[in-house]
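# Structural overview for review
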Amino acid sequence: MKFKNLFVLLLLLTVSVQAQESVTYQKPSKEILDLVDVPLAPSVRMDEKGEQMVFLYRDYYKSIVELSEKEMRLGGLRINPKTNISSRANYFNNIKLRKTSGKTLVQVKGLPTNPRISNVQWSPDQKMMAFTNTVTTGVELWVVNIAEAKAIKITEPIINANMRRPFVWFNNNNELLVKTLPSDRKPLIDKATAVPQGPTVSVSEGVKAQNRTYQDLLKTKDDEYNFEQLATSEIYKISISGAKSLWLNKGMYTGMSFSPDGKYVMVSTILRPFSYLVPYRRFPSETKIYKDDATFVKTVNSVPLDEVRPKGFMATRKGKRSMGWRGDQPATIYWAEALDGGDPKKEVSHRDEVFQLAAPFNGQPTSIFKSVNRFSGIQWTDDKNVAIAYDYWWNTRNMKTYVFNPENNKEQPTILYDRNYQDRYSDPGSFVSSKNELGRYVVSIDKGEAYLIGDGYTKDGQFPFIDKIKLKNKKTTRVYQSAYKDKVENIYYALDLKKGTFLVRVESSNEYPNYYVRKIKGKKDLKQITDFENPFKSLQNVHKEVIKYKRDDGLELSGTLYLPVGYDKAKKEKMPMILWAYPREFKDKKSASQSTSNSNEFTYPFWGSMIYWVTKGYVVLDDASFPIVGEGKEEPNDSFRKQLVGNAKAAIDAVDNLGYIDRERVAVGGHSYGAFMTANLLSHSNLFAAGIARSGAYNRTLTPFGFQSEERSYWDAPEIYNGMSPFMHADKMKGNLLLIHGEADNNSGTYPLQSKRYFNALKGLGATARLVMLPKESHGYRAKESILHLLWEQEQWLDKYVKNKPKSKKVSAK
């Protein structure tokens, strides 16, 4: 019978769907539209001394015209071949300056007409700021003189920004290394008109290559040719006066980084052969060291094609990886190598080993550290005998923080923290860093003591903190903790550790986030340095609270509850509700039960938010806890559906018990994995009148080598893949489902075919469903026309099937 049902489903997919609607872009009602058309506060950059602020302005949305520009999808990249920058790049459109001690905003003079600014980067002395400007024919390089508030163009549109980060500053603050378009670049092949020279053939020679379902991969020889043309640059040395000289001949350059002393440059280059299975970052590559005058020094890394890895999320490749410069030394490189061959199934005492090699790079590397788990990074300090290393292991959710001596590998590292990284209540925070004499940010250590900034999540709420820790004995002293109970104070970084000044941002549910300088030593005070107004005045009096409740098995859950505008809590009129969530996997109940929601966070509707609907008479339960727990040998997905329904029922019961909702008029929704959740809930429960599923995956057999936090393959656990796939249970659909997907979704696993085939199955089986494909949109939606239409579709669906739901279709509390 099971195979018969599957045959019927597959048959249904061949049926042509005739019920298309001819719909132009629509707009939602005025209440929602008024919250979309608001000016954004600028992004703020600050110099290290906390004296100069740079305000970067941008439009929140792109236009559908911008998204419709020519785009090539190659090797995991999306490139505009005419402008030679990412076709999905975000742009700023204005720059203003202000001293933190002043109040006057200064407009930067000389900016380009109709600016499209990106790649903003301080010079080492922070007296200049370089940026790229995208014009119709390419990318230009510009520089802002901060003292003069003046922008200067230093190149024509010759920059190649296709491989990201197209320039780096020399330490002299006067010159930059810049990736430019080769003078002899060949014309690109137009695949739409090119005549094929033969078939595309892929070969498997008996070696397992279990990769995720990546998108935008190379597919043909024409793709290979176009990728090479677009990835190839020449590297020029260009001064801020515009003078330029060739520094390196053409190559497919990805990374460029100066040594801290500025005397050497590390350059990484992509090589052939390319792959049709993995994105460009796993193509063959090599890394070379040059002197600052482009004299070749040494090839320090050669990486073969990385198509084949051992099985498991903690698998990695053999050889050198995570190569970088020591921030506390003039010119020393470091890297990690797997001691288990990159195979997480091998039993070893240590997974990775870290090595270093100092200039002139012709000696033998020195081992400086071994990690128990997979190495994940190092923070250098202002003491060359102290460094801080990190590792983690996904399967156990364990992470370790070590203190070790990189100058003496005979000294045993000290494990500073050994914890579950999903346990937010025990998070010790991040180390405070500052610039050293080499211009690199390193952890500040004073007499063996370092400082940490923490988010401060607790069972009683969020109280961010600053701690002081003695690295020798781990003794920790709290030097500051935010006392706000009606606001949130996020601590960003230290402006001056000795003076005890920190940059913080303070907000409340109706007070727009603004920056302040917090002084924690001497005369403690708080000085406001920005004054952004709340652009969402219609929401400022909306009731908002974090509610906590329990699942049937006793697991504590939470969610942020919003009541409709003008709602009278005394009368408790029963309103329709929207539940919005995203499932997360845990290996222990303690971490799964923790809440990081804060009702004092500013109420900020964004394109994907359901908060808009409080203006339309809906209760909204946002970011509702949907933990999926698997302890010990049990994996979370072994009981995915049961826990999913249990989470949903607990949420509805909690709000219903408060007397605010009509539980017959409840909708559920989510984006990506939240869409997957939504489809499952409408198939396996009777809790919801309707659902909204955006950019989801519904047939897990199409992602056979793992998805989300599922490490097993389809052939390891076919019952899990089939049981979790809404497509396999399309005949059980009980609610009214609105499916929305970007036609150009590039997220691994959520390709548009997922929604199309699922809709075909639902339609063939007589379910009530609607499929909306948004032209040119990726996994997240960008064009204003798309966003407004999305909101309109959601509003129409919710009003029809939830707010004005026919009384005859009663849902139970099952």
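Below or above, wherever it landed, is the structure these notes cover. Remember, predicted model here, so these are calculated numbers, not experimental data.

Read from one edge of the open sheet, seven strands run β12-β13-β14-β15-β16-β17-β18, paired in antiparallel fashion. Two strands bound the open sheet, and with one partner strand each, they are β12 (167–169) and β18 (296–303). Neighbour-to-neighbour, the strand axes of this sheet turn through a mean angle of 35°, independent of strand direction. Inspection of the sheet shows strand β14 (residues 233–239) paired to strand β15 (residues 244–258) by five bridges, in the antiparallel sense. Pairing of lysine 237 across the sheet is with serine 245, part of β15. Helix α4 (residues 221–231) contacts β14, β15 and β16 (264–270) of the sheet and is inclined by roughly 115° relative to β15.

A rise of 1.5 Å per residue sets the reference length of helix α10 (residues 784–803), with its 20 residues, at 28 Å; its end C-alpha atoms lie 26 Å apart and thus fit the reference within 8%. The buried fraction of α10 amounts to 14 of the 20 residues, a majority that puts the element mostly inside the structure.

Along the chain, tyrosine 214 falls in the loop between β13 (175–180) and α4. When its relative accessible area of 24% is taken as the criterion, tyrosine 214 is described as partly exposed. With residues up to four places along the chain from it excluded, the contact list for tyrosine 214 reads Leu277, Val278, Pro279, Arg281, Arg282 and Ser748. A polar side-chain atom of tyrosine 214 sits 3.2 Å from a polar atom in the side chain of arginine 282.

Close contact between helix α6 (residues 640–657) and helix α7 (residues 673–684) brings their axes to 10 Å; oriented N to C, the two are set at 85°. The orientation of α6 relative to α7 falls into the category roughly perpendicular. Contacts from Phe640, Arg641, Leu644, Val645 and Ala648 of α6 reach α7 at Tyr673, Phe676, Met677, Asn680, Leu681 and His684. When grouped by side-chain class, the residues that make up the contact of α6 with α7 number eight nonpolar, two polar and one charged.

Here the focus is the packing of aromatic side chains. Tallied over the full model, the rule gives 39 aromatic pairs. Centre to centre, the rings of phenylalanine 602 and tyrosine 604 are 5.9 Å apart; their planes meet at 80°, and the pair counts as edge-to-face. We classify phenylalanine 602 as buried; its relative accessible area is 8%. Tyrosine 604 sits in the partly exposed class, given a relative accessible area of 31%. Ring pairs connect the aromatic residues Tyr582, Phe640, Tyr673, Phe676, Phe705, Phe707, Tyr714, Trp715 and Tyr721, which therefore count as one cluster. Between the NZ or CZ atom of lysine 244 and the centre of the ring of tyrosine 236, over which it lies, the distance is 5.0 Å. Directly above the aromatic system of phenylalanine 676 lies the positively charged group of arginine 700, at a separation of 4.7 Å from the ring centroid.

About the thresholds
Residues numbered from 1 in each chain as written. Predicted model: local features only at pLDDT ≥ 70, side-chain atom pairs only at ≥ 80, totals over all residues. Heavy atoms only, no water. Pairing = 2+ DSSP bridges. Helix = DSSP H or I, 4+ residues; strand = E, 2+ residues; numbered from the N terminus. Axes fitted to C-alpha atoms, helices over the stretch in contact; angles between N-to-C directions. Contact = heavy atoms within 4.5 Å. Expected span 1.5 Å × (residues − 1). Buried < 20%, exposed > 50% of the residue type's maximum accessible area, 1.4 Å probe, protein only. Polar contact = N/O pair within 3.5 Å; in protein donor to acceptor, adjacent residues only side chain to side chain. Parallel < 35°, antiparallel > 145°, perpendicular 65-115°, else oblique. Nonpolar A, V, L, I, M, F, W, Y, C, P; charged D, E, K, R; others polar. Phe/Tyr/Trp six-rings, centres within 6.5 Å; stacked < 30°, edge-to-face > 60°. Lys NZ or Arg CZ within 6 Å of the ring centre and 35° of its normal.

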